[in-house]
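Spelled out, the chains give:
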Amino acid sequence: MNFLYALTHKVREAPISAGTFNLVCITMACVVAVHASHLPIWLTLLLGFALLASHWRRRHRPGKTPMWLKLPLTLGLLAGIVVWYGNLFGREPGSAFAVGLLVLKTFECETVRDVRVAVAFACFALMAALLSDQGLVVTVAVALAIVPALMSLRSLEPGQAQRTITQAALPALGLLAAAVPLALLAFLFVPRLSEPLWGAPAADTAKPGLSSSMSPGDLTELLTDDSAAMRVSFDGVAPGPDQRYFRAFVMWNFDGRRWDHGYGRRGEVAGLLPQGPVATYEITLEATHRRTLPALDVPMAAPEGARLSADRELSSNDRIDDVRRYRLSSALGYGLQADLDENTRRLGLQLPPNFDPRARALAQQWRLTFGQNDEGIARAALGLFHDGGFRYTLAPAPLGRDSIDDFLFNTHEGFCEHYASAFTFLMRAAGIPARVVTGYQGGFYNRLGQYLLVRQSNAHAWSEVWLAGRGWVRFDPTGAVRPERIAADGTSAGDGSGPWYQPAWLQAARNRWDIVNRLWAQGVTGFDALRQRSLLQPFGVREAPPSMLVTILASGICLLAAIGLGWALYRRPEGDVAQRALARLKARLERRGLASRASEAPGHYFSRAARFWPSQRKELESLGTLYNHLTYARSEPAPELARRFARMAREFRPPRVVK
Amino acid sequence: MSAPEPIRDNTFKRRLDAGIEQVNSVLLGKPRQVKLAFTCLIARGHLLLEDVPGVGKTTLAHALAATFDLDFQRIQFTSDLLPSDIIGVSVYERDGGTFRFHPGPIFTRLLLADEINRASPKTQSALLEAMAEGQATVDGVTHALPQPFFVVATQNPLDLAGTFPLPDSQLDRFMLRVSLDYPDAAAERALLSGADRRDILAQLQPTLDGAALDMLHTQSLATTVSPALLDYLQALLAATRRHPDIRVGLSPRAGLSLLAASRAWALASGRDYVLPEDIQALFVPAASHRLIPGKGAHREAIARAILAEVAVG
């Protein structure tokens, strides 16, 4: 045992070659690169610099890094992260700290043991990158970053100090490829948990999204965000662009500047009378960290795990922290809440007192002009927006205290929020129940992938006005100012001249890329516990229990192991009879206590064996002589001698050594 | 079972054994080094003995000279030794009115170059050129050296003061480099209690002449080298070329030299075929001085590491 300890201890403390250190540095660079998208830029740059410095140090100042250098570096990293993130716990600061420590580890990478520790930690850090993003690009990048890690480990093996990167990369890629079947098996059959295992919570503000309140300018950030909000695939023909309104929030409460959900309208779900076509579709929603599920106007019933509010807003029973898929049917033509009760009517007419006198006056004037014709008043308001010199822009002038007056009579510029807000105000001032609805509108229909891509920039706000005999009717005042915003089949909210102009080929490329992303999101990221249970449906198992999954997983692993073993045996180097017999004999004698080394000459090995078992000395010596004779004393192969050696070796029975 | 076939003509082998035994009686406790020295001469290689002063380098060289019945010259290398002191000079003769070449001590069959690294590089290279080419050139006239021509050189380790280390390329001229090391306790005790080495040397009888040496050389060339052995030898050479601590690995010439020495070693061991053991015995003395290691690496340690790493096929 002492000998064994000394041996392993020595190996672990063995110094590493320059090539291995280079590979470790490359591995660390890959880890930083994979994490770069969520690390603060200063940290990425500093870590890159530290890596270069570490490499330079090993070349020009070899030896141990002094503590006075290591300690301040580590403390500096700690301080930087605490200052930047506010604390050290949670997903983001945690992984930033891990990556930083990893890079600093290269300053003390001197022995084989150091490299093993550093590479193992690097693999963990690579996995941590998947906590913040499981997209296709990051997943592929993580897989590729494992290659230098494997190369580093392989270069530690004796005789593996390869000269070129290519020579070292091929076996590593081979190892990675060999792991793919196992990874697929694990992906399909390791039982999923409904909740993620790790509890490191992401901040709510990680991504802007629609919120349950709206004040002028709120949506600007969203309207310039080109990332996907959701993807919708319709059964049959997709509805036309003018019908692509996805409602998320209905807002009743106005305080002069800000619309919000308030307490919402309580009570029964508003009655819905479908008139005309019904669209059935499936939505794949990106994580929002909220409960609301956008639905095409107007959803007929809630899917499993979600419920309809009184105003037919759809909300999930749990937070959408991951990609979510749900199926829905919506009535494209409808009569919504034909009867308005007194409470709801009052809610729909509520206005803050002492605000916006000019707008109120204008509405009163319309009421006088149109009498009881509510729809006429609404048309007049749309006409005002269309002909009144209003301009659609994402960068409107700021508004004063009386924001509606200011917008209607002074600035004349704004985007959907401003128009929806002003329109709803005017309707209420004229005594017509009205409310603001926010959600998404439009989207790009990807013909290749047969789905509608809705981006964050498709966020929109519009109005619903209650007309007697018809119920709530959707009015989109933005359409009156900028019809193409509504009718367009386009991709961005841009006003054409802004920074959002993109050449057609770039848009086309982005849309193709989005198909790939969608497939990844649906096929890989969206493969959740629910879908896993229905995995075996084609084989008649309606819902596979975890025990069945585990059984399949175990059998699959056994099968893969058997295939791997078979392959290894099949690829075993073809030696001659005598060599194989010698190898078998060596293995047998090794079990009886006689260690052997590949670099030992056979003759030497047999004399050692003869000393080990003095009682069998004669047999062992003649085995050695015979082997040497048939292998080295002639230039031609000697099959009959080889067979004789093989027989003798097979028949040799070493006595048990009593210790 | 059939025993390995014995060497057909035993006469020379017996004389070789007798010679080895005789040298062993002078240089106590160093049978491996003595066998290496004989191996080197059988394989027609030059021998470099390297160690600290006083461990018997010169004694070994003298014993070899006395055992081989060959013309023998000894040159004590010093820092003021000139190339002409070893090769010879052309002297003008008044009688004939011509220059006549007076050969130097190098014109012999067995040359003992004592403390070769004390001479200036210029003198060293004069000797080493003669070793490589088997000839010496003076005043534009090339004089062939007698064949066979052996050099047994001794040198002190390079870290001693007052030496000019041999350049890497010139170390390649030596087939084997052998360190003597201190004798073990028993051998040293016998040495202290025995007679004066110089007296013993004077009593030695030559056992091998030039013809016998030629015959042994021919026999060594006839030893069997199997494909499996060549595979192993080639694997060793290849390993020196991709080892991270070696700047320049072994050349094919070094490989040939190692094989020739291994053949002679097999013969000296009484076999007419070469075993992996032979190559392993010769690898460090034949290869370590030809490896050009990277910074801070030790040649012999690397050579041993390679031996421990490469599998015997």
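Owing to the predicted nature of the structure, the values given are computational and were not obtained by experimental measurement.

Undergrad: An account of the sheet that holds strand β6 (residues 110-114) of chain B is needed here, citing residue identities and associated values.
TA: Residue and element names in this part refer to chain B. On the basis of which strands lie adjacent, the open sheet formed by five strands has the order β3-β6-β9-β1-β10 and parallel pairing. The sheet is open, and its two borders are formed by β3 (72-76) and β10 (174-179), each paired with just one other strand. The sheet shows a mean angle of 15 degrees between the axes of neighbouring strands, direction not considered. Sheet topology places strand β1 (residues 46-50) next to strand β9 (residues 150-155); four bridges connect them, and they run parallel.

Undergrad: Could you give me a rundown of unusual backbone geometry, with the residues and numbers involved?
TA: With an omega of -15 degrees, the peptide bond running from A:D297 to A:V298 counts as cis. Structurally, A:V298 is set in the loop between β9 (295-296) and β10 (306-308).

Undergrad: Give a detailed account of the interface of chain A and chain B, specifying residues and quantitative values.
TA: Across the contact, 23 residues belong to chain A and 28 residues belong to chain B. At the boundary of chain A and chain B, one finds zero salt bridges. Put simply, chain A and chain B have six residue pairs in polar contact (both at pLDDT 80 or more) between them. For the side of chain A that touches chain B, the secondary-structure elements that each account for two or more residues are α21 (602-612) and α22 (617-632) of chain A. Sorting elements by how many residues they give to the side of chain A that touches chain B places α22(A) first, with seven residues.

Undergrad: Outline the packing of helix α1 (residues 10-26) of chain B against helix α3 (residues 57-67) of chain B, listing residues and values.
TA: Residue and element names in this part refer to chain B. Interaxial distance between α1 and α3 falls to 10 Å at its minimum, and their mutual angle equals 145 degrees. As α1 packs across α3, the resulting crossing turns out to be right-handed. Together, G19, Q22, V23 and V26 of α1 and T59, L60, A63, L64 and T67 of α3 make up the contact between the two elements.

Undergrad: Describe the packing of aromatic side chains, with residues and values.
TA: Any pair of aromatic rings gets described here by the distance separating the centres and the angle formed by the planes. All names here are of chain A. Applying the stated criterion across every chain yields a total of 20 aromatic pairs over all chains. Ring geometry for F385 and F390: centres 5.3 Å apart, planes at 75 degrees, overall edge-to-face. Of the two residues, F385 and F390, both sit in the buried class. On the numbers, 6.3 Å between centres and 90 degrees between planes, the contact of F606 with F645 is edge-to-face. Taken as a pair, F606 in helix α21 and F645 in helix α23 (residues 639-651) lie far apart in primary sequence, 39 residues in all. Through a chain of ring-to-ring contacts, three or more aromatic side chains come together here, namely F385, F390, F407 and Y419.

Undergrad: Tell me about the pattern of salt bridges, and please be specific about residues and values.
TA: Counting across every chain of the model gives 34 salt bridges over all chains. Look at the salt bridges and you will find they share partners, linking A:R247, A:D297, A:D311, A:R435, A:E464 and A:R474 into a network.

Undergrad: Can you break down the pairing of strand β4 (residues 88-93) of chain B residue by residue, with the values?
TA: Residue and element names in this part refer to chain B. With six bridges connecting them, β4 and strand β5 (residues 98-103) associate as antiparallel partners. Its bridge partner lying in β5, Y92 is registered against F99. Counted between consecutive antiparallel strands, the loop separating β4 from β5 contains four residues, among which G97 sits at a positive phi close to 70 degrees.

Undergrad: Describe the environment of B:G255, naming the residues involved and giving the relevant values.
TA: Residue and element names in this part refer to chain B. Of note, G255 is situated in helix α11 (residues 252-268). Residue classification places G255 among the buried residues on the basis of a relative accessible area of 7%. Counting along the chain gives 31 residues from G255 to A286, while the straight-line C-alpha distance between them is 9.1 Å. For G255, the contacting residues outside a window of four places in its chain are L233 and L237.

The rules behind each value
- All chains use their own residue numbering, which begins from 1 and follows the written sequence.
- Here chains are named by letter from A upward and ligands by number from 1 upward, in the order in which they appear as written.
- Under the rules for a predicted model, residues below a pLDDT of 70 receive no local features and side-chain atom pairs below 80 are neither given nor counted, while totals for whole chains, interfaces and linings still include all residues.
- Based on all heavy atoms of the structure, the side-chain values leave hydrogens and waters out of the count.
- At least two bridges found by DSSP between two strands is the condition for calling them paired.
- Think of it this way: any DSSP run of H or I at least four residues long counts as a helix, any run of E at least two long counts as a strand, and we number them from the N terminus.
- For every element, the axis is a line fit to its C-alpha atoms; helices are fit only across the contacting stretch, and the angle between N-to-C directions ranges from 0 to 180 degrees.
- Only heavy atoms matter for contacts: two residues are in contact if any of them lie within 4.5 Å across the pair.
- What makes a salt bridge here is a side-chain nitrogen of Lys or Arg within 4 Å of a carboxyl oxygen of Asp or Glu, nothing more.
- Here a polar contact means two N or O atoms within 3.5 Å. Within protein one must be a hydrogen donor candidate and the other an acceptor candidate, and residues neighboring in sequence count only if both atoms are side-chain atoms.
- Working rule for handedness: look at the near helix, and if it is turned counterclockwise from the far one by less than a right angle, call the crossing left-handed; if clockwise, right-handed.
- For this analysis, a ring pair means two rings from Phe, Tyr or Trp (six-membered ring only for Trp) whose centres lie within 6.5 Å, classed as stacked if their planes differ by under 30 degrees, edge-to-face if by over 60, and tilted for the remaining angles.
- Per-residue accessibility, obtained with a 1.4 Å probe over protein chains only, is compared with the maximum for each type, and a residue is labelled buried under 20%, exposed over 50%, and partly exposed between these values.

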